[in-house]
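Tertiary structure, described
Chain by chain, the residues:
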Amino acid sequence: MKSIASLVDRDSFEPVEDGLSSHDPLGFEGYADALATARDKTGSDESLVYGPARIGDIAVEIAAFNFDFMGGSMGEVAGERIARAIERAIERHVPFVLRTSTGGARMQEGMRSLVQMPKVVSARI
């Protein structure tokens with residue numbers, strides 16, 4: 001992902017494969033198609049990726065939004081990934097870096113999306 005590549009040391013980012021995937025919990029008209037289009041357009045499974053990297057040869061845990069994936073909107077999976085990245089940073093005793101480029105909560109997921117905001121804000125850093 002180019003948004004991470006421009007921040008971290010060359011070839012140091014290792015995206016976490018967590019098996020999470022957004023779905024259509026509310027049966028929101030056109031949402032499943034919009035997800036498929038975003039995945040095809042970006043080559044990513046979600047608006048946020050995370051994992052270990054190095055910046056200036058310092059180990060970090062980084063998470064980054066991709067605005068090209070549905071405006072970088074935060075749904076249930078993106079919020080969970082940020083929380084997991086913060087937890088990984090704590091476990092590894094390294095800084096957490098978040099590159100934010102988002103249009104906000106993903107309305108197609110309703111409350112499942114909105115509850116990610118306080119979840120992320122209250123995560124221990």
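Just above sits the structure.
Let me begin by describing the structure that accompanies this report. Treat the numbers as computed from the prediction; the structure is a model and nothing was measured.

On to the overall build of the chain, then. Check the secondary structure of the chain and you find five helices and three strands. Taking 2.2 N^0.38 as the reference for a compact globule, 125 residues should give roughly 14 Å; the C-alpha atoms of the chain span a radius of gyration of 14 Å, in line with that estimate. Taken along the three principal axes of its C-alpha coordinates, the chain extends 45 × 30 × 25 Å. A total of 125 residues make up the chain; the buried ones form 40% of that total. For the chain, restricting intrachain contacts to residue pairs at least 6 apart in sequence, the fraction spanning at least 24 positions comes to 77%. Taken as a whole, the chain presents about 6800 Å² of accessible surface, with 54% of it coming from carbon and sulfur. Looking at the chain, you have 14 positive and 19 negative side-chain charges, and the mean spots of the two groups are 4 Å apart.

Time to look at helix α3 (residues 76–92). Taking 1.5 Å per residue as the helical rise, α3 with its 17 residues ought to reach 24 Å, and the 24 Å between its terminal C-alpha atoms agrees with that figure. Those residues of α3 that sit buried are Val77, Ala78, Gly79, Arg81, Ile82, Ala83, Ala85, Ile86 and Ala89. Along its buried surface, α3 packs onto β1 (48–55), β2 (58–65), β3 (96–99) and α5 (116–121). Note on α3: the residue one or two positions beyond its end, His93, has a positive phi of about 60°.

Summarising the sheet, β2 and β3 pair through four bridges and their orientation is parallel. Paired with Glu61 across the bridge in β3 is Phe96. Viewed along the sheet, the connection from β2 through α3 into β3 turns out right-handed.

Time to look at the sheet that holds β3. Strand order in the open sheet made by the three strands is β1-β2-β3, with mixed pairing throughout. Strands at the two margins of the open sheet, each flanked by one partner only, are β1 and β3. The mean angle between the axes of side-by-side strands here comes to 25°, regardless of whether they run parallel or antiparallel.

The next subject is the environment of Gly72. Tracing the sequence through the fold places Gly72 in the loop between β2 and α3. Judged by relative accessible area, Gly72 falls into the buried class, the value being 0%. Each C-alpha atom of the pair Gly72 and Glu14 lies 20 Å from the other, and the pair is 58 residues apart in sequence. Those residues in contact with Gly72, other than ones at most four positions away along the chain, are Ser47, Phe65, Asn66, Phe67, Ser101, Thr102 and Gly103.

Turning to the nonpolar core, a few remarks are in order. Among the nonpolar cores identified, the biggest contains eleven residues, and these are Leu48, Tyr50, Ala63, Phe65, Met74, Ala78, Ile82, Ala85, Ile86, Val120 and Ala123. Those elements that provide at least two residues to this core are β1, β2 and α3. Sorting elements by how many residues they give to this core places α3 first, with four residues. If we ignore the near neighbours within four places in the chain, the residues touching Met74 are Phe65, Gly79, Ile82, Thr102, Gly104, Ala105, Arg106, Ser113, Gln116, Met117 and Val120. Core analysis: the second largest hydrophobic core is formed by eight residues, Val8, Val49, Val60 and Ala64 among them.

Conventions adopted
- Residues numbered from 1 in each chain as written.
- Predicted model: local features only at pLDDT ≥ 70, side-chain atom pairs only at ≥ 80, totals over all residues.
- Heavy atoms only, no water.
- Helix = DSSP H or I, 4+ residues; strand = E, 2+ residues; numbered from the N terminus.
- Rg over C-alpha atoms; globule rule 2.2 N^0.38 Å.
- Buried < 20%, exposed > 50% of the residue type's maximum accessible area, 1.4 Å probe, protein only.
- Contact = heavy atoms within 4.5 Å.
- Areas by Shrake-Rupley, 256 points an atom, 1.4 Å probe, with all protein chains shown as cover.
- Lys, Arg positive; Asp, Glu negative; His and termini not counted.
- Charge placed at Lys NZ, Arg CZ, Asp CG, Glu CD.
- Expected span 1.5 Å × (residues − 1).
- Pairing = 2+ DSSP bridges.
- Right-handed = clockwise from strand over helix to strand, strands pointing away.
- Axes fitted to C-alpha atoms, helices over the stretch in contact; angles between N-to-C directions.
- Core = buried A, V, L, I, M, F, W, Y, C linked by side-chain atoms within 4.5 Å.

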